[in-house]
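Chain residues, written in single-letter form:
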Amino acid sequence: MTRAIELSRESVNSGGGPFGSIITKNDKVIAEGSNKVTLNNDPTAHGEIVAIRKACKSLNNFNLSGCELYSTCEPCPMCLSAIYWAHIDKVYYANTRNDAQKIDFDDSLIYSELLTNVKKRKIQMVPMMRDEALKVFELWDKKTDKIKY
């Protein structure tokens, strides 16, 4: 966690947000990441996402089972989803989402939107061309050599 905090401090000093992460496997650091949202003009470049991308590249695998993630803050909904998708075993965090909210990193709208019926969300969600898209899902379902994730 000490290294993740160092990364968050470096990020603030270089114009990024105050978030840092590291990913370990077998007690060895395999990836580091800090917030690059404003530096890269990429709203997905949170410290955890940056670290996950680097870890996957380092291990040449999209599955990070056996890995642990250290983050300077409780992961936001996007990062938490990515952590689950990556199959990371354990997450350690320092600051809470309430601490982040106090410095204007407020994810409460997203948390509430996840619990809201799709028809009542703040961003309009419009279903279309389901029948055509389902044909591709059927193709995937029948594929015998697919790599499941």
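(A) Here's a closer look at the packing of aromatic side chains. Following the criterion strictly, the structure yields 4 aromatic pairs and no others. Here Tyr 70 and Tyr 92 contribute two aromatic rings whose centre-to-centre distance is 4.5 Å and whose plane-to-plane angle is 15°, an arrangement assigned as stacked. Note that Tyr 70 is positioned in strand β3 (residues 67–73) and Tyr 92 in strand β4 (residues 90–95), a separation of 22 residues in sequence. In this structure Tyr 70 comes out as buried when scored by relative accessible area, which is 18%. Against the face of Tyr 111 rests Arg 97, its NZ or CZ located 4.0 Å from the ring centre.

(B) Representation of the packing of helix α3 (residues 47–59) against helix α4 (residues 77–86) in the model. Running from N to C, α3 and α4 point in directions that differ by 25°, and their axes come no closer than 9 Å. The angle between α3 and α4 places the two elements in the roughly parallel class. Crossing hand, α3 versus α4: left-handed. Between α3 and α4, the contacting residues are Glu 48, Ile 49 and Ile 52 on the first element and Met 78, Cys 79, Ala 82, Ile 83 and Ala 86 on the second. Looking at side-chain class alone, the contact of α3 with α4 contains 7 nonpolar, no polar and 1 charged residues.

(C) Highlighting unusual backbone geometry. Positive phi values are uncommon outside glycine, yet Asn 26 reaches one of about 55°. Here Asn 26 shows up in the loop between β1 (20–25) and β2 (28–34). Phi angles above zero are rare outside glycine, and Asp 27 is one such case at about 60°. By secondary structure assignment, the location of Asp 27 is in the loop between β1 and β2.

The rules behind each value
- Residues numbered from 1 in each chain as written.
- Predicted model: local features only at pLDDT ≥ 70, side-chain atom pairs only at ≥ 80, totals over all residues.
- Heavy atoms only, no water.
- Phe/Tyr/Trp six-rings, centres within 6.5 Å; stacked < 30°, edge-to-face > 60°.
- Helix = DSSP H or I, 4+ residues; strand = E, 2+ residues; numbered from the N terminus.
- Buried < 20%, exposed > 50% of the residue type's maximum accessible area, 1.4 Å probe, protein only.
- Lys NZ or Arg CZ within 6 Å of the ring centre and 35° of its normal.
- Axes fitted to C-alpha atoms, helices over the stretch in contact; angles between N-to-C directions.
- Parallel < 35°, antiparallel > 145°, perpendicular 65-115°, else oblique.
- Left-handed = near helix turned anticlockwise from the far one by under 90°.
- Contact = heavy atoms within 4.5 Å.
- Nonpolar A, V, L, I, M, F, W, Y, C, P; charged D, E, K, R; others polar.

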